Amino acid sequence: MAQIKLGIIGCGLISHAHAIAAQKSNERIKIVAAASRSDEKRHAWCAQYGAMAFENTAQMLAEMNLDGVIIATPPAAHFENMVSCIKAGAKAILCEKPLITRIEDCVRLKEVAADANCTILEGFMYRHHKAFQEFETMAQSVGKLDTIFAEFNMKLTGSNDNWRQSDKASGGIAFDFLCYVVDFCNLMAKSKPKSAFAFGRNNPNSGLLENISGQVLYENEIIATLRASQNSSFSQKFILSGSAGQVEMPIGFAISDTAQIITTRTEKFIDQQVSIKEVDIDEDDGTLIHSSAFAQQLRHFADIIEKGVPSLCGIDDALRNIEVTLALLSSIENRQPYLFANESK
């Protein structure tokens, strides 16, 4: 099979995770071109990974015969980037999360992609991790699922020119840490949402939302509690509680070393039986950009290109995610629960 040749748009931190993932593919995948508006980042990135540098996306797509494209730009640029790639003939796109920030853009993207026979994969790398897949298997032991808890907290540091501090780039918590939490809750609930309610707090300097706490009630009566903060100590915990027990991952989204999965059984009041399973990840070195989740995700993307397998996290998932995210934001703004269309009729 011929080597899969990819192009990447955006040369920030997360782009290095994709490049390192390609290096782990035993020459099956190579990122041969990169486009970025930053001269310094573009040339440094291409020198490090042996790719051709392009000042703009259109030139890269026109001059390179690519099998697929990775989009690693800030969220606000994703829709335009994807549509441009599809119109240029791209048949496979791996786009960083969140895939989209507006419902109408997601609906339009689905139409454009379908017309062009382009498959899109949203980059929730945690779904591909060996430890998370083990968690999904163990989650079946909780019995009838009752409640979901998920949080992603981390105190932001660094310069104010980071996209996370920019409203134009869709910065703030909603399209950053919260998108992981929403995706996890939707994935585990396996049901449409009925209603959502949330509280939030804005950053006093940027004016952007930096902390959110909320709940979502699904049509199957599962209740999810969601928390995300850009001004709190690090936590990426999620918990599933059901009629037969509970399963938890203390760090579930950015797994970069040995992962723990904790199961709890309570056969009678207070009498808890707790077991801890450790999942060793040999190829990780404790840093995010070296996480094996990115390598597994890129292998799945390669299978999409070579074998036509369905996307593990496609546009329909993205649409559900953005619906829930915007519902939580609406609840904060209006200070009342948000009722989804299927509930309000």
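Scroll up for the structure.
Below is a short write-up of the structure. Every residue gets a number counted from 1 within its own chain, in the order that chain's sequence is written. Under the rules for a predicted model, residues below a pLDDT of 70 receive no local features and side-chain atom pairs below 80 are neither given nor counted, while totals for whole chains, interfaces and linings still include all residues. As a convention, hydrogens and water are excluded, and side-chain values are obtained from all of the structure's heavy atoms.

Some thoughts on the pattern of salt bridges
No. 1: Basic side-chain nitrogens of Lys or Arg form a salt bridge, by our definition, when they fall within 4 Å of a carboxyl oxygen of Asp or Glu. Under the criterion given, the structure shown has 17 salt bridges.
No. 2: When the shortest N-O distance is used, the salt bridge between D317 and R127 registers 3.7 Å. Of this pair, D317 sits in helix 9 (residues 315-334) while R127 sits in the loop between strand 6 (119-123) and helix 6 (130-139), and the two are 190 residues apart along the sequence.
No. 3: Relative accessibility thresholds used throughout: buried, under 20% of the residue-type maximum; exposed, over 50%; partly exposed, between the two (1.4 Å probe, protein chains only). On the basis of relative accessible area, D317 is assigned to the partly exposed category, the value being 29%.
No. 4: E221 serves as the salt-bridge partner of K194, at 3.1 Å between the closest nitrogen and oxygen. With a gap of 27 residues between them, K194 in strand 8 (residues 193-202) and E221 in the loop between strand 9 (209-218) and strand 10 (223-229) connect regions that are remote in the sequence. Each helix is a run of H or I in the DSSP string that is no shorter than four residues. Each strand is a run of E no shorter than two, and both are numbered from the N terminus.

Overview of the pairing of strand 4 (residues 68-71)
No. 1: Along strand 4, one buried face is formed by G68 and I70 and the opposite face, lined by V69 and I71, is buried too.
No. 2: A strand pair is defined by DSSP finding two or more bridges across the two strands. Pairing geometry for strand 1 (residues 4-9) and strand 4, over four bridges, is parallel. Its bridge partner lying in strand 4, I9 is registered against I71.
No. 3: Pairing between strand 4 and strand 5 (residues 92-96): three bridges, direction parallel. The residue bridging I71 from the neighbouring strand is C95, located in strand 5.
No. 4: Orient the strands so they point away from the viewer; a crossover is then right-handed if the path from the first strand over the helix to the second runs clockwise. In this fold, the crossover linking strand 4 to strand 5 by way of helix 4 (residues 78-87) has right-handed handedness.

So, the packing of aromatic side chains
No. 1: Only rings of Phe, Tyr and Trp enter the pairing, Trp through its six-membered ring, and a pair is recorded when the two centres are within 6.5 Å. The plane angle decides the type: under 30 degrees is stacked, over 60 is edge-to-face, the rest tilted. Tallying each qualifying case throughout the model produces 20 aromatic pairs.
No. 2: With 6.1 Å between their ring centres and 80° between their planes, F124 and Y126 make a pair best called edge-to-face.
No. 3: Assessed through its relative accessible area of 1%, F124 is described here as buried.
No. 4: By relative accessible area, Y126 is classed as buried at 0%.

What about the environment of G10?
No. 1: Tracing the chain through its elements places G10 in the loop between strand 1 and helix 1 (13-23).
No. 2: By relative accessible area, which is 9% here, G10 ends up buried.
No. 3: Sequence separation between G10 and A189 is 179 residues, and the spatial gap between their C-alpha atoms is 33 Å.
No. 4: In this analysis, two residues are considered to be in contact whenever any of their non-hydrogen atoms come within 4.5 Å of each other. Residues contacting G10, with those up to four places away along its chain left out, are S15, A35, A72 and T73.

Looking at the sheet that holds strand 7 (residues 145-153)
Through backbone hydrogen bonds, the strands of a sheet pair up, either in parallel or in antiparallel fashion.
No. 1: Strand order across the open sheet formed by nine strands is 14-13-12-11-7-10-9-8-15, with mixed pairing between neighbours. Single-partner strands in this sheet number two, and they are strand 14 (271-279) and strand 15 (338-339).
No. 2: Inspection of the sheet shows strand 13 (residues 259-268) paired to strand 14 by nine bridges, in the antiparallel sense. The residue bridging K268 from the neighbouring strand is D271, located in strand 14.
No. 3: Helix axes use the C-alpha atoms of the stretch in contact, all axes being lines fitted to C-alpha atoms, and the angles between their N-to-C directions lie in the range 0 to 180 degrees. In this fold helix 6 packs onto strand 11 (238-242), strand 12 (245-249), strand 13 and strand 14, with an angle of close to 175° to the strand it touches most, strand 12.
No. 4: Packed on one face of the sheet, helix 7 (residues 177-189) meets strand 7, strand 9, strand 10 and strand 11 and runs near 165° to strand 7.

A few points about the pairing of strand 6
No. 1: Counting buried positions over the five residues of strand 6 gives four, a clear majority of the element.
No. 2: In terms of strand pairing, strand 5 meets strand 6 through five bridges, oriented parallel. Its bridge partner being in strand 6, I93 is matched across the sheet by I120.

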